[in-house]
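Chain residues, written in single-letter form:
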Amino acid sequence: MRAVHFLIGALMVGAGALAGLWLPLGLMGSLALLALLRICWIEDNITSDLYGRDALPSGYLQTLEMRRLFMLRWFGVNLGAVSPDLSAHLLATALRAEAQLWAACLLGFVAMICAQHGPFAPSLDLTLAAALFYAALKRADRLAITLHHCDMGRPLPDEMLLPPMRRAQNRPR
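The following paragraphs examine the structure supplied in this document. (Residues numbered from 1 in each chain as written. Predicted model: local features only at pLDDT ≥ 70, side-chain atom pairs only at ≥ 80, totals over all residues. Heavy atoms only, no water.)

## Structural notes on the state of the cysteines
Applying the stated criterion to the full structure yields zero disulfides. For Cys105, which is in no disulfide, the shortest distance to another cysteine sulfur is to Cys114 and amounts to 15 Å. Take Cys105: its relative accessible area is 17%, and that puts it in the buried class. Residue classification places Cys114 among the buried positions, given a relative accessible area of 16%. (Disulfide = S-S within 2.5 Å. Buried < 20%, exposed > 50% of the residue type's maximum accessible area, 1.4 Å probe, protein only.)

The structure is reproduced here in structure tokens:
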């Protein structure tokens, strides 16, 4: 793994913490809700559409082609032709990296909110914030592993792509 992978995760935790420090409380809650909705949407896509498949569903291929055309028309950047034999597990790995980015940022964000505006005694608020900050750094560590797999062009193993409970729910019957 390269150091830049760890740096990306640490920067996302730091960005979330700084946003929690500087933004008003109402705006912080709205941004946290948007990040949580994005994480849930990504998790649903990985679990429902991509996990356990060999090829991408046709809707994903159409979306990739429309994104390619958008980038070409608006920015003049050619992303290359969309390959119909693109692996669903590789896309799921890229989506897992995005979900981990959002989660690291969100946990750093919530840690700072708890440290500043926690409802408990200051010592308990800071302890809770430290635990959330530790969880954010663990998420950043997992993000580094996922980014390493993306760099190497290989998908994450199944035990890292889905949590154990989600794997049990998705088992074919």
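## Concerning the side chain of Thr47
Tracing the backbone shows Thr47 in helix α2 (residues 25-50). A distance of 2.9 Å separates the side chain of Thr47 from the backbone oxygen of Glu43, its partner in a polar contact. (Helix = DSSP H or I, 4+ residues; strand = E, 2+ residues; numbered from the N terminus. Polar contact = N/O pair within 3.5 Å; in protein donor to acceptor, adjacent residues only side chain to side chain.)

## Topic: α2
Taking 1.5 Å of rise per residue, 26 residues should cover 38 Å, and α2 covers 36 Å from first to last C-alpha, within 8% of that figure. Turning to α2, its buried residues number three or more, namely Met28, Ala32, Ala35, Ile39, Ile42, Glu43, Asn45, Ile46, Thr47 and Leu50. Of the residues trailing α2, Gly52 is marked for its positive phi of about 85°. (Expected span 1.5 Å × (residues − 1).)

## As for the packing of aromatic side chains
Here the structure, examined in full by the defined rule, presents two aromatic pairs. Note on Phe70 and Trp74: the rings are 6.0 Å apart at their centroids and 35° apart in plane angle, and the pair reads as tilted. In this pair, Phe70 and Trp74 both sit in helix α3 (residues 58-75), four residues apart, roughly one turn of the helix. Aromatic side chains Phe70 and Phe75 sit 5.9 Å apart centroid to centroid with 80° between the ring planes, which places their arrangement in the edge-to-face category. By relative accessible area, Phe75 is classed as exposed at 53%. (Phe/Tyr/Trp six-rings, centres within 6.5 Å; stacked < 30°, edge-to-face > 60°.)

## Examining the pattern of salt bridges
A complete count under the given rule lists four salt bridges for this structure. The salt bridge partner of Asp151 is Arg2, with a shortest N-O separation of 3.4 Å. Of the two residues, Asp151 is situated in helix α5 (residues 122-152) and Arg2 in the segment before α1 (3-22); the sequence distance between them amounts to 149 residues. On the accessibility criterion, Asp151 (46% relative accessible area) is partly exposed. A salt bridge links Arg38 to Glu98, with the nearest nitrogen and oxygen atoms 2.5 Å apart. Separated by 60 residues along the polypeptide, Arg38 in helix α2 and Glu98 in helix α4 (residues 88-117) bring together distant segments of the chain. Of the residues examined, Arg38 reaches a relative accessible area of 28% and is grouped as partly exposed. (Salt bridge = Lys/Arg side-chain N within 4 Å of Asp/Glu carboxyl O.)

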